[in-house]
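Architecture at a glance
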Amino acid sequence: SFSTVEEIWFPDKNPFQNMPNGGACCIQLDRHPHGDNGGGKWLVGLGHTKVPYRPWRQKATPEQLLDLPHHQYVSLLYAFEPTPPYRIVARSGLFCLPFSADDEDNPYSTLTRTRKLNLKRKNFDCPQISFVSGITEKAGDDTKVLVSYGINDCTPRIIEIEKSEIEQLLIMGPIAEDS
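Throughout, residues of each chain are indexed from 1 in the direction in which the sequence is written. Reporting of local features is limited, given that this is a predicted model, to residues whose pLDDT is at least 70; pairs of side-chain atoms are given and counted only at 80 or more, and all residues count toward the totals for whole chains, interfaces and linings. The side-chain quantities take in all heavy atoms of the structure and omit both hydrogens and water.

**Digging into the pattern of salt bridges**
Within this document, salt bridges are pairs made up of a side-chain nitrogen of Lys or Arg and a carboxyl oxygen of Asp or Glu, the two lying within 4 Å of each other. Evaluated as defined, the whole model comprises eight salt bridges. Taking the shortest distance from any N to any O, the salt bridge between K138 and E160 comes out at 2.8 Å. One end of the pair, K138, is in strand β7 (residues 130-138); the other, E160, is in strand β9 (residues 155-162), with 22 residues separating them in the sequence. Among the ionic pairs, K144 bridges to E162, the shortest N-O distance being 3.8 Å. Here the residue K144 occupies a position in strand β8 (residues 141-151), and E162 occupies one in strand β9, the gap between them amounting to 18 residues. Taking relative accessible area as the criterion, E162 reaches 35% and is therefore assigned partly exposed. Numbering goes from the N terminus for both helices and strands, where a helix is a DSSP run of H or I of at least four residues and a strand is a run of E of at least two. Relative accessible area decides the class of each residue, using a 1.4 Å probe on protein chains only: under 20% of the type maximum gives buried, over 50% gives exposed, and in between gives partly exposed.

Set out below in C-alpha cells:
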C-alpha cells in the first residue's frame, strides 16, 4: 500500500473535489489475476479533480493562501464493471501528468513550464492544470495506451503508458467503498 501526497499533507480534509470531473473513457483492462474479482475485464477511465476556489479564501491569511493555491489540477484512474450497474471497483490515488519533454516538437511547450502544480509551497515538476481529453489503446500493441491531455490550457500532449502501469496504479490505490 502507498499514500499519495494529498493523504499525507491533508489528513483531515482533502482540499481536492471528492468526485472526478471530465476526463476520458474507456479502455478495457484484464482484471488483476490475484484479486478477488477473478478474471474478466474492467473498463478504465481517467478523470481530474482540482482545488476549487472557496469563499473562505477571501478571509484567508497570505500564509494560508500560500499553503493551498486554488485551481491546482490532478488526475486519477477509475475502473468499473462493464455491465450494469457499472459498479466502480477501483480508483487510483491522485497524480499529475508530466510537462512536454524539451525535445518534443512544440515551440510553445516551454511557455507552460512557469505554471507548476503547487501544494504546501512545494512545486511539483508537472503542470498546474492538466486536462485529459482522450484515452485509447495503441493500434497494433494492446499492451499500451495513448492518453491525450492539455497542459495549462495552452498546449496539447499525447503520452504512451503501459497497461501494466495503469493496473499497478489501480490495484495499489484506494479501493472504492461504495457499490
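**So, the sheet that holds β9**
The three strands lie next to each other as β7-β8-β9, forming an open sheet whose pairing is antiparallel. Pairing within the sheet leaves two strands with one partner each, and these edge strands are β7 and β9. Pairwise comparison of adjacent strand axes, ignoring direction, gives a mean angle of 20° for this sheet. Any two strands between which DSSP finds at least two bridges are classified as paired. Each axis is a line fitted through C-alpha atoms, taken for helices only over the stretch in contact, and angles between the N-to-C directions span 0 to 180 degrees.

**What to know about the nonpolar core**
In this structure, V44, V147, I166 and L170 are the most contacted members of the largest nonpolar core, which totals 22 residues. Elements represented by at least two residues in this core include exactly β1 (21-30), β2 (41-50), β3 (73-80), β4 (88-91), β7, β8, β9 and α3 (163-172). For this core, the leading source of residues is β8, giving four residues. Every residue pair with non-hydrogen atoms within 4.5 Å of one another is taken to be in contact. With sequence-adjacent residues up to four places away left out, V147 is seen in contact with L46, V132, G134, I135, R157, I158, I159 and I161. Residues belong to a common nonpolar core when they are buried Ala, Val, Leu, Ile, Met, Phe, Trp, Tyr or Cys residues joined through side-chain atoms within 4.5 Å. Within the second largest apolar cluster, 10 residues are counted, among which are L43, L76, L94 and L119.

**Quick notes on the pairing of β2**
Burial analysis of β2 places nine of its 10 residues in the buried class, which makes it a mostly covered element. Alignment of β1 against β2, held across seven bridges, turns out to be antiparallel. Counterpart to A24 in the pairing with β2 is L46. Alignment of β2 against β3, held across eight bridges, turns out to be antiparallel.

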